[in-house]
Amino acid sequence: MGTFSDRKSGFRRCLPQDSINRYKSMRPSKRCIVSVAFLAVAMLMVVTEGSGQQFTFIPNKVPFLNPGGASETYSTNGGGIDLTGPFFQSMGTNGRSCATCHQPSDAMSVSAAHIEERFFLTRGKDPIFRTVDGSNCNHSIDVSTEEGRFAAYSLLRKRGLIRIAIAVPANADYRVVNVSNQYGCNESEIISMYRRPLPSTNLRFLSAVMFDGRESSPATGTTKILYSNYPTALLSDLAHQSVDATTGHAQGDGTRPTPAEQQQIVNFEMGLFTAQSFGWSTGSLESRGATGGPMPLVTQPFFIGVNSSVNFLLPLLEQPGGLVSPGDDVAGINDDVAAGGLVAGGISSLQGTCGTCHDTPNVGNHSFPTPLNIGTGDPSETAPSASLGGLDLSYLPRITVCKNDSSGLPTSNCKTTTDLGQALIDGKFDHVGKIKGPILRGLSARAPYFHNGSAQTLLDAIRFYEKRFGLVLTPHEESDLVAFLSSL
Ligand code: HEC
Ligand code: HEC
């Protein structure tokens, strides 16, 4: 992520030269106030347009306010976002569209704060509040009253979480020995996990679709994305994902999206670029040579493994008979991450930076399909308070799995987690808790963070890294890092 440092000038736009560290206590300069006023006018125009007649188009680069400033989305198709396309249509049976959970105002994800607002505005009847996967569990709940809905949708309201239920693969080399789910979804053949909607923008840079990579894997009949098949595999994975999302989240009957609509959805998604374009204390992130905002992403070069330490080997490794075949992991870089670094797989520990994993230049996801267990779903990491770097995982289930011996009986080699991650896709005990590193643009628009919403703020996420990886940051460095992440 080294290239992000180019954006310092954007950071400093409204600040005296040396005051980044004090940015929190600063009063914005006159220039900032003027920009904010412009922004407010732009927002007002959008809102008033929306109230009168049906509002069908969001022009490129309309700023949407968020706690860090504002984010913008740029579409390479037709000058903006056409709100009449299939992405915005109800294609299933429960009134939901893709945009129910992927909103232009929230950098194409949805913040928990906005979900809570929707609950109060609609008394819990907005289509996001559906028992299929919006409620904490889909049985033993009462959603006939507002109080009932308030309780049933607490994880969605508070943490922005959707229940993702996945069956344990028949060939799993482990057994699920216990599921302790406080909401009643204790089934051990189909495991209920709770995940944040990933942003459906900046998708040109994906190396795997979904947190556990399942829409880029044989488990769903899709294809692992490789240097040699990019972007063909990505495009077909996304088409398949649009069908699964409709039958799953929207309880569709399988007839929609039609092949033509799948194509439209994929074109729409692949044309979207989103980033923070304005910071409350920094002003515009796009002027005076700063390279923030979505525009530079449109032309950002990318290929699978673009910035990875093994990228020069990729064409060779992926040859028939090469070291990596579809479905394999690359030795070494795909192993568990414990406190202090990457462990096992022949590498005892690896000194790195945030950019070692978040390595796609200017985008920040894994440029190579590399799910990792960094411990965000590890209940043993839970500390009493976020200020100590502990993540609050108390609202999540506990799932215990034990590796099988050669006759298929569980051994005493067991792990307890809140989310099985990639292990539920490929059936491998060694892949328990492995999750992809998501794109780090537009973060301010979509709190809370991590797959399970366990970091309420960016500071919580940073404190987690400090504890888990033994980072030592001064309060100034912490606030610099928060300022940096919130302006992406
Ligand atoms: C009820 C909320 C909801 C609806 C409706 C929904 N999604 Fe999602 N979406 C999610 C969640 C949650 C995830 C992450 C799930 C996971 O990784 O297991 C996700 C992930 C994705 C991803 C993966 C992005 C990445 O980085 O891997 C794409 C693409 C996507 N959704 C597109 C769509 C499309 C297209 C539709 C409509 C056909 C849709 N979604 C409908 C909640 C939703
Ligand atoms: C060892 C690899 C690795 C390193 C090093 C790393 N990350 Fe991450 N990062 C990940 C993975 C994997 C995830 C997804 C975890 C999850 O969702 O539970 C993630 C998620 C995140 C998120 C949440 C994004 C979202 O959409 O919710 C933020 C923010 C983040 N990382 C910032 C950082 C910062 C800042 C550093 C350096 C201090 C860093 N990361 C170092 C692998 C890494």
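Located above this text is the structure these notes cover.
Note that the coordinates shown come from a computational prediction; the quantities given were computed from them, not determined experimentally.

The rules behind each value
- Residues numbered from 1 in each chain as written.
- Chains lettered and ligands numbered in written order.
- Predicted model: local features only at pLDDT ≥ 70, side-chain atom pairs only at ≥ 80, totals over all residues.
- Heavy atoms only, no water.
- Helix = DSSP H or I, 4+ residues; strand = E, 2+ residues; numbered from the N terminus.
- Donors = N, O, S within 2.8 Å, 3.2 Å for Na, K, Ca; no water.
- Contact = heavy atoms within 4.5 Å.
- Core = buried A, V, L, I, M, F, W, Y, C linked by side-chain atoms within 4.5 Å.
- Buried < 20%, exposed > 50% of the residue type's maximum accessible area, 1.4 Å probe, protein only.
- Near = heavy atom within 4 Å.
- Polar contact = N/O pair within 3.5 Å; in protein donor to acceptor, adjacent residues only side chain to side chain.
- Nonpolar A, V, L, I, M, F, W, Y, C, P; charged D, E, K, R; others polar.
- Axes fitted to C-alpha atoms, helices over the stretch in contact; angles between N-to-C directions.
- Parallel < 35°, antiparallel > 145°, perpendicular 65-115°, else oblique.
- Left-handed = near helix turned anticlockwise from the far one by under 90°.

Turning our attention to the environment of Phe450. Secondary-structure assignment places Phe450 in the loop between α11 (423–426) and α12 (458–469). Phe450 sits twelve residues away from Pro438 along the chain, and the two C-alpha atoms are 8.6 Å apart.

With that out of the way, let us pick up the coordination of the iron atom of ligand 1. With respect to protein ligation, the iron atom of ligand 1 binds only His102 (NE2), at 2.1 Å. Mapped onto the elements of the fold, His102 is located in the loop between β4 (80–82) and α3 (112–122).

The next subject is the environment of Val132. Here Val132 shows up in the loop between α3 and α4 (146–152). Residues Val132 and Gln251, spaced 119 residues apart in sequence, show a C-alpha to C-alpha distance of 7.8 Å. With near-sequence residues (within four places) excluded, Val132 lies in contact with Asn94, Arg96, Asn138, Arg163, Gly248, His249 and Gln251.

Tyr174, Ile191, Ile399, Val401 and Leu420 are the most contacted members of the largest nonpolar core, which has 26 residues in total. Mapped onto this core, the elements with two or more residues apiece are α3, β5 (162–167), β6 (174–180), β7 (190–195), β12 (398–404) and α11. Among the nonpolar cores identified, the runner-up in size contains 24 residues, and Tyr194, Tyr395, Phe484 and Leu488 belong to it.

Quick look at the site of ligand 1 now. Residues in close proximity to ligand 1 total 29 residues, the closest being Cys98, Cys101, His102, Met210 and Lys436. Note that a nitrogen atom of ligand 1 is positioned 2.9 Å from one of the side-chain N or O atoms of His102. Between ligand 1 and the protein, one listed contact pairs a nitrogen atom with a side-chain N or O atom of His249 at 3.4 Å. For the shell around ligand 1, the secondary structure elements donating two or more residues are β5, α6 (232–248) and α7 (259–270). Residue contributions to the shell around ligand 1 peak at five residues, all from α6. Looking at the shell around ligand 1 residue by residue, the classes come out as 17 nonpolar, six polar and six charged.

Next up on the list: the packing of α12 against helix α13 (residues 475–486). Where α12 meets α13, the axes come as close as 9 Å, and the angle between the chain directions of the two elements is 125 degrees. Here α12 lies oblique to α13, going by the angle between them. The element α12 and its partner α13 pack so that their crossing is right-handed. Within the contact between the two elements, α12 uses Leu458, Leu459, Ile462, Arg463 and Glu466 and α13 uses Glu478, Leu481, Val482, Leu485 and Ser486. Here the contact of α12 with α13 is built from residues that sort into six nonpolar, one polar and three charged.

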